[in-house]
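Here is how the chains run, residue by residue.
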Amino acid sequence: MSRTKPYVISKYLVMTAYKLVKANKGAAGVDKQTLDDFDLNLKDNLYKIWNRMSSGSYFPPAILAVPIPKKTGGERILGVPTISDRIAQMVAKLTFEPLVEPYFHPDSYGYRPSKSALDAVGITRQRCWENDWVLEFDIKGLFDNIDHELMMKLVRKHTDNKWVILYTERWLKAPMQMPDETCVPRTQGLGQGGVISPVLSNLFLHYVFDIWMSRNYPQIKWCRYADDGVLHCKSEEEAIILRGVLEKRFQECKLELHTEKTKIIYCRDGRRTKEYPNTKFTFLGYDFRRRMAVNPKDNSRFLGFTPAVSKSALKSMQAEIRSHKIHRKSHCSLSDIAKELNPILSGWFNYYGKYTPSALERLKDYLHYRLVAWAMHKYKKLKGRKTMASLFIKKIKTTSPNLFVHWKAEKIAMVA
């Protein structure tokens, strides 16, 4: 009897997929199996995934629905696949993504191996200097509304790999297990939280928006990051026309623009002085608006239309620091607190410190006074003495500038 499998999938590819999933960490799915649980019987678990995918008998389990609060209120549903299913999806992603990535537009930045959100912020910053008007758009419920028939048509356009096609269709149809444990069938949309969903959504929007824009409006510069994007226009009239045609285009593809989040903005700065209701917008955690800037060539100051960390991002970061309840950790040393916070702070300062880093001073001040509260709880002589406690923390900052990542960065900046 032949032991040949109908689909050729290497065991090495499955192992590679496992390593990537493990590096990304993540919560358990409907089977409640964690990564640590999976590792207890690693060899057999990986063999089962390989064997079922190679034989055509792999059927994805239900996706766990996890409600996530939105910053603007309400909640969105994140779909969490099981560990095994995340590995299986990664196997497919590693096979399919290289086939479609070369076709993607250079101004598409989301979920791409050679692109980043900071790249998108940077190009948007540059183009806001070059154009007076911006049309900011947001697609309402992209991951919930992608049409399955259109999606599979695009998948087949880019691959004839039978197992990639087979399992992609099964992942699209995998039911969602709600918080009350009822299972809801899915007839549209992608699992937001699935490993393969980002590349599929990019493929969908590549045809719905990216190449459609390039073909019909080649003179318009734009930047898209997943379901958020900005278009740079020469006039308000051009932006109004574009908003209308985009609404129609997305409706044709069974998607909808978010009316509240789709706006026309006047990029007001020192040169542009027209009055307009909207003169700022938020993109990828950065507020773009008129603010004082410094010319690095001669240190002269001017009013520019530039990005800086958004108010909502600052509020969210302060809430994160507050959730660590530093002031109650009088049993910990300052070094312990630094070890706890530094990985988080490093990500924030690396991202939000790229453009207008001075806007992060509020966050630094907030963290300073949380540390002051810790000092007043830890040391009796500082209890109730905020000024003395503040001087105490500042002294430590001077003697141990490498303790916190932002202290170290300030020291390096001073030396430079």
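Above this text sits the structure in question.
The shown structure was predicted, so the numbers you read here are calculated from the model rather than taken from an experiment.

### A closer look at empty space enclosed by the protein
- Evaluation of the coordinates by the stated rule reveals one cavity of 30 Å³ or more.
- Empty space within the largest cavity amounts to approximately 100 Å³.
- For the largest cavity, the lining is made up of 15 residues, of which Gln89, Trp171, Arg186, Gly191 and Ser197 are closest to its centre.
- Secondary structure elements with two or more residues in the lining of the largest cavity: helix 4 (83-100), helix 8 (162-173) and helix 9 (197-216).
- Looking at side-chain class alone, the lining of the largest cavity contains nine nonpolar, four polar and two charged residues.

### A short note on helix 7 (residues 148-158)
- Those residues of helix 7 that sit buried are His148, Met151, Met152, Leu154, Val155 and His158. Projected down its long axis, helix 7 carries its buried residues within an arc of 160°, all on one side. Residues of helix 7 that are exposed and angled more than 90 degrees away from the buried face: Glu149, Lys153 and Lys157.
- For helix 7, the elements touching its buried residues are helix 4, helix 8 and helix 9.
- Measuring from the backbone nitrogen of Glu149 back to the side-chain oxygen at the start of helix 7 gives 3.1 Å, which picks out Asp147 as the cap.

### Things to note about the pattern of salt bridges
- Throughout the structure, instances matching the rule amount to 18 salt bridges.
- Salt-bridge contacts for Asp147 lead to Lys254; the nearest nitrogen and oxygen are separated by 3.2 Å. Here Asp147 is found in the loop between helix 6 (142-145) and helix 7, whereas its partner Lys254 is found in the loop between helix 10 (236-252) and strand 8 (263-266), with 107 residues between them in sequence.
- With a relative accessible area of 14%, Asp147 lands in the buried category.
- Between Glu236 and Lys274 there is a salt bridge, with the nearest N and O atoms lying 3.9 Å from each other. Here Glu236 is found in helix 10, whereas its partner Lys274 is found in the loop between strand 8 and strand 9 (281-283), with 38 residues between them in sequence.
- Looking at Glu236, the relative accessible area reads 19%, which means it is buried.

### Considerations on the pairing of strand 10 (residues 286-294)
- Taken together, the three bridges between strand 9 and strand 10 define a ladder with antiparallel strand orientation. Its bridge partner lying in strand 10, Phe283 is registered against Tyr286.
- Hairpin connection, strand 9 to strand 10: the antiparallel pair is bridged by two residues, and Leu284 has positive phi, about 55°.
- Looking at chain direction, strand 10 and strand 11 (residues 301-309) are connected through nine bridges and run antiparallel. Of the residues in strand 11, the one forming a bridge with Phe288 is Pro307.
- Counting the residues between successive antiparallel strands, the hairpin from strand 10 to strand 11 contains six residues, one of them, Asn299, with a positive phi of roughly 60°.

### Thoughts on the packing of aromatic side chains
- Summed over the entire model, instances satisfying the criterion amount to 22 aromatic pairs.
- Measuring from centroid to centroid gives 4.7 Å for Phe281 and Phe288, while their planes differ by 5°, and the two rings are stacked. Of the two residues, Phe281 and Phe288, neither departs from the other in class, the shared state being buried.
- Grouping aromatic residues by their ring pairs yields a cluster made of Tyr58, Trp163, Tyr167 and Trp171.
- Here Arg170 stacks its cationic end above the ring of Phe59, 3.8 Å away from the centre of that ring.
- We note Lys378 situated over the ring of Tyr379; from NZ or CZ to the ring centre the distance is 5.9 Å.

### Observations concerning the sheet that holds strand 8
- Read across the sheet, four strands follow the order 6-7-3-8 without closing on themselves; strand pairing throughout is antiparallel. With partners counted over all chains shown, the strands left at the sheet margins are strand 6 (221-225) and strand 8, one partner each. Direction aside, neighbouring strands of the sheet carry axes that sit 20° apart on average.
- Of the pairings in the sheet, the one linking strand 6 to strand 7 (residues 228-233) comprises five bridges and is antiparallel in character. Its bridge partner being in strand 7, Trp222 is matched across the sheet by Leu231.
- Packed onto the sheet, helix 5 (residues 117-130) meets strand 3 (133-138), strand 6 and strand 7 and runs at close to 155° relative to strand 6.
- On top of the sheet, helix 9 reaches strand 3, strand 6 and strand 7; it is set at about 175° to strand 6, its chief contact.

### So, the nonpolar core
- Met53, Ile87, Met151, Met213, Leu231, Leu246 and Phe250 are the most contacted members of the largest nonpolar core, which has 67 residues in total.
- If you tally residues by element for this core, the top one is helix 9, at 10 residues.
- Setting aside chain neighbours within four positions, we find Met213 in contact with Pro218, Ile220, Trp222, Leu231, Leu242 and Leu246.
- Ranked by size, the runner-up nonpolar core spans 52 residues in total, among them Ile321, Leu334, Leu363 and Phe404.

### As for the sheet that holds strand 10
- Across the sheet, which stays open at both edges, the three strands sit in the order 9-10-11 with antiparallel pairing between neighbours. For this open sheet the edge positions go to strand 9 and strand 11, each flanked by a neighbour on one side alone. On average, each strand axis in the sheet is inclined to that of its neighbour by 50°, with strand direction left out of account.

### What about the environment of Met376?
- Of note, Met376 is situated in helix 13 (residues 361-378).
- Here Met376 falls in the buried class, since its relative accessible area comes to 18%.
- Spatially, the C-alpha atoms of Met376 and Ser330 are 8.9 Å apart, while their sequence positions differ by 46 residues.
- If we ignore the near neighbours within four places in the chain, the residues touching Met376 are Leu382, Lys383, Gly384, Arg385, Lys386 and Ala389.

The rules behind these values
- Residues numbered from 1 in each chain as written.
- Predicted model: local features only at pLDDT ≥ 70, side-chain atom pairs only at ≥ 80, totals over all residues.
- Heavy atoms only, no water.
- 1 Å grid on protein atoms, 1.4 Å probe; cavity = no way out; pocket = protein on both sides within 12 Å on 5 of 7 lines; lining within 4 Å.
- Points joined across faces, edges and corners; volume = space filled by probe spheres on them.
- Helix = DSSP H or I, 4+ residues; strand = E, 2+ residues; numbered from the N terminus.
- Nonpolar A, V, L, I, M, F, W, Y, C, P; charged D, E, K, R; others polar.
- Buried < 20%, exposed > 50% of the residue type's maximum accessible area, 1.4 Å probe, protein only.
- Arc of directions from axis to C-beta.
- Contact = heavy atoms within 4.5 Å.
- Polar contact = N/O pair within 3.5 Å; in protein donor to acceptor, adjacent residues only side chain to side chain.
- Salt bridge = Lys/Arg side-chain N within 4 Å of Asp/Glu carboxyl O.
- Pairing = 2+ DSSP bridges.
- Phe/Tyr/Trp six-rings, centres within 6.5 Å; stacked < 30°, edge-to-face > 60°.
- Lys NZ or Arg CZ within 6 Å of the ring centre and 35° of its normal.
- Axes fitted to C-alpha atoms, helices over the stretch in contact; angles between N-to-C directions.
- Core = buried A, V, L, I, M, F, W, Y, C linked by side-chain atoms within 4.5 Å.

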